[in-house]
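Listed here are the chains, written in short residue letters.
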Amino acid sequence: MIACAEVAVALELAYPEHRVTGEPELRMREREHGGPLASATLGARPAGALVHRPDLVLWPARVAGALPVAVEVELSLKAPRRLAEICRGWARCARVCGVLYVAAPQVEEALERAVDRAGATGRIVVVPLAVVIRGEACARGRSAGAPRRGAPAPIARAIPGDA
């Protein structure tokens, strides 16, 4: 929970033109809307499709028609099949422009494998938790196309208009 809040603060500071919301607010907005806004639909189940909501959503504030970025804060390992299923759902999801996975060190490798297996490398960016929260290794990846506020270049690739 604390890591999620730290990631939300870091993203708000790096992208003041976006609005960051958490899963509870997304759930409320989707209920009011009558369907998914920034959630992935996973495989069919007997009771219908399962919806997977991200931990955070980065909503574009000023661009009409722009899609949000789903943000997953991954701190612990999930079963490989479950993780691959979620990555496939995000790869197919047309409700978001991309997915930013902020991953703890012990999760990064398994997450990268799941993204590859799902064929989602063009839709999902995996960034180490330390890069987002403390800005470690930011200078190495920064390029002319990186965001003005000093966000790490890997994050910039997931945010439209900043890459």
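Residues numbered from 1 in each chain as written. Predicted model: local features only at pLDDT ≥ 70, side-chain atom pairs only at ≥ 80, totals over all residues. Heavy atoms only, no water.

## Some details on the pattern of salt bridges
Oppositely charged side chains can pair when the atoms bearing their charge come close. Following the criterion strictly, the structure yields six salt bridges and no others. Across the salt bridge formed by Glu25 and Arg19, the nearest N and O atoms sit 2.9 Å from each other. In this structure Glu25 comes out as partly exposed when scored by relative accessible area, which is 25%. Residue Arg19 is classed as partly exposed on the basis of its relative accessible area of 41%. (Salt bridge = Lys/Arg side-chain N within 4 Å of Asp/Glu carboxyl O. Buried < 20%, exposed > 50% of the residue type's maximum accessible area, 1.4 Å probe, protein only.)

## Quick word on the pairing of strand β5 (residues 69–74)
In terms of burial, β5 is a largely internal element, six of the six residues being buried. Neither face of β5 is open: one carries Val69, Val71 and Val73, the other Ala70, Glu72 and Glu74, and all of them are buried. Sheet topology places strand β4 (residues 56–60) next to β5; three bridges connect them, and they run antiparallel. The partner of Leu56 across the bridge, within β5, is Val71. By the bridge criterion, six bridges tie β5 to strand β6 (residues 98–103) in an arrangement that is parallel. If you follow Glu72 over to β6, its bridge partner there is Tyr101. In this region the chain leaves β5, passes through helix α3 (residues 80–92) and returns to the parallel neighbour β6; the handedness of that crossover is right-handed. (Helix = DSSP H or I, 4+ residues; strand = E, 2+ residues; numbered from the N terminus. Pairing = 2+ DSSP bridges. Right-handed = clockwise from strand over helix to strand, strands pointing away.)

## Here we look at the pairing of β6
Across the six residues that make up β6, a large majority, six, are buried. Residue alternation in β6 divides its side chains into two sets, Gly98, Leu100 and Val102 and Val99, Tyr101 and Ala103, and both sets are buried. Judged from the five bridges that link them, β6 and strand β7 (residues 124–128) form a sheet pairing that is parallel. Considered in β7, the bridge of Tyr101 is made with Val126. This β-α-β element, β6 to helix α4 (residues 105–117) to β7, shows right-handed connectivity.

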